[in-house]
Number of protein chains: 2
Amino acid sequence: MEQQSIVNKALEKIGDFSASEFNMIHAHAQFRQLKKNDILLKEGQVCSAIYFIIKGAFYQYRMNDVDENIIELHVDNEWFLNNTSFITQKPSFDTIKAYADSEILELNIHSIHKLIEISPVFFQLGKLLQPAAVRTQFFDNTMTPAEKYNYVLEHRPRLLQSFPLKYIASYLKMAPETLSRIRGKH
Amino acid sequence: MEQQSIVNKALEKIGDFSASEFNMIHAHAQFRQLKKNDILLKEGQVCSAIYFIIKGAFYQYRMNDVDENIIELHVDNEWFLNNTSFITQKPSFDTIKAYADSEILELNIHSIHKLIEISPVFFQLGKLLQPAAVRTQFFDNTMTPAEKYNYVLEHRPRLLQSFPLKYIASYLKMAPETLSRIRGKH
DNA sequence: TTCATTTCTTGATTTCAGTCAAGTCAGTGT
DNA sequence: ACACTGACTTGACTGAAATCAAGAAATGAA
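Residues numbered from 1 in each chain as written. Chains lettered and ligands numbered in written order. Predicted model: local features only at pLDDT ≥ 70, side-chain atom pairs only at ≥ 80, totals over all residues. Heavy atoms only, no water.

A. Main features of the confidence of the model for chain A. On average, residues of chain A carry a pLDDT of 86, and 91% of them reach 70 or more. Confidence scores differ between elements of chain A, with helix 5 (residues 130-138) of chain A showing the lowest mean pLDDT of 57 and helix 9 (residues 176-184) of chain A the highest of 96. (pLDDT = per-residue confidence, 0-100. Helix = DSSP H or I, 4+ residues; strand = E, 2+ residues; numbered from the N terminus.)

B. Representation of the pattern of salt bridges. Residue and element names in this part refer to chain B. Under the criterion given, the structure shown has eight salt bridges over all chains. Its salt-bridge partner being R158, residue D76 comes within 2.8 Å of it at the nearest N-O pair. One end of the pair, D76, is in the loop between strand 5 (67-75) and strand 6 (79-80); the other, R158, is in helix 7 (residues 157-162), and 82 residues separate them in sequence. Given the relative accessible area of 29%, D76 is considered partly exposed. With relative accessibility at 38%, the residue R158 sits in the partly exposed group. For R156, the salt bridge is made with E78, and the minimal N-O distance between the two is 2.9 Å. (Salt bridge = Lys/Arg side-chain N within 4 Å of Asp/Glu carboxyl O. Buried < 20%, exposed > 50% of the residue type's maximum accessible area, 1.4 Å probe, protein only.)

C. The arrangement of the sheet that holds strand 5 (residues 67-75) of chain A in detail. Residue and element names in this part refer to chain A. With antiparallel pairing, the four strands of this open sheet are ordered in space as 2-7-4-5. Among the strands making up the open sheet, the edge pair consists of strand 2 (39-41) and strand 5. When the angles between neighbouring strand axes are averaged without regard to direction, this sheet yields 30°. In the sheet, strand 4 (residues 57-64) pairs with strand 7 (residues 95-98) via four bridges, with the strands oriented antiparallel. Of the residues in strand 7, the one forming a bridge with Q60 is I96. (Pairing = 2+ DSSP bridges. Axes fitted to C-alpha atoms, helices over the stretch in contact; angles between N-to-C directions.)

Below, the structure written as structure tokens:
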């Protein structure tokens, strides 16, 4: 199947699984379709699954009085989750929303636990938490706006194509005007 | 034993363990003593264990050209680890150093895996990753210096007693002068 | 097409935290 | 008692990014 090979390719990057182990993962995964602006996880709900984007894009935001504060951006061929809520299994502070019509695969925490009971091989799925953990290193206040932009340009360039400037500015915690000026100087 | 009851009390907060399960955890844990300025984990090493501070204090810092940039502060009766290195099992960017003569308990990743093989109950140990995950929410650039100080004052007041002002300022990513001024206005 | 709305850019001004600098205070050693 | 050091405070100045404001460009709807 087309979808499965895409997912397997992404899984190969995070661990060493046999064909039968791939099949076990797919047996536990749920295919889902969402329309633009559909909500995948609402603030207050517990994030009990990890997701793989086959097609589309998602963003996570937190309400701050009036406006949406963007926490994470995700494009196709990426795994994502609300890291804090998933790890703690407590209500999420953030909402996850589809930015475009999307197709995703869902692997819930019970399935992951079952898989790990079957074999410690599936511990490697824990590495899916890695990107979020690594990312937080960079977005402490030690980086200047220009450094943040260059970091995204180098490490996640597809974000810049997939989302409007003001989403990226919010994600990078700077004013849209500032991002516009930085981009102006190539 | 004195130490065990301290640790069990801390473990009760994160999960529901039986007496025999407590014993299994202690059987896998290593007791260690460190002197002030002893290094627990050096930059470049993989963080392969989680630690519980029975007595003393620790800090994690990252070298930035000349000066130490403080990443985390830990006081007694807390679990800690280098979150990123532990989750990814890749070399740490940070060094963990004893701020005072300390006594700790060490539970390495192999022991944790063994425990989880014995029983899924020990999955709850994963919750020890929680504090770090929760903390990163707050230290994105959305908070003003005063808000950061108030957050620490409310959630981790013992840090303010345990470490000198300049350590806390570095941890909160602000100039020592700024922290001093904020504190001046109660 | 035209009009309306949103997105992005550009300029002028403001503000808040960082830096620089000087001084106080407490602790240590001689 | 004295100087020396490190921790903290306070004031003056600076600079980078936010804010305010206006307008241009792109998008979409009628």
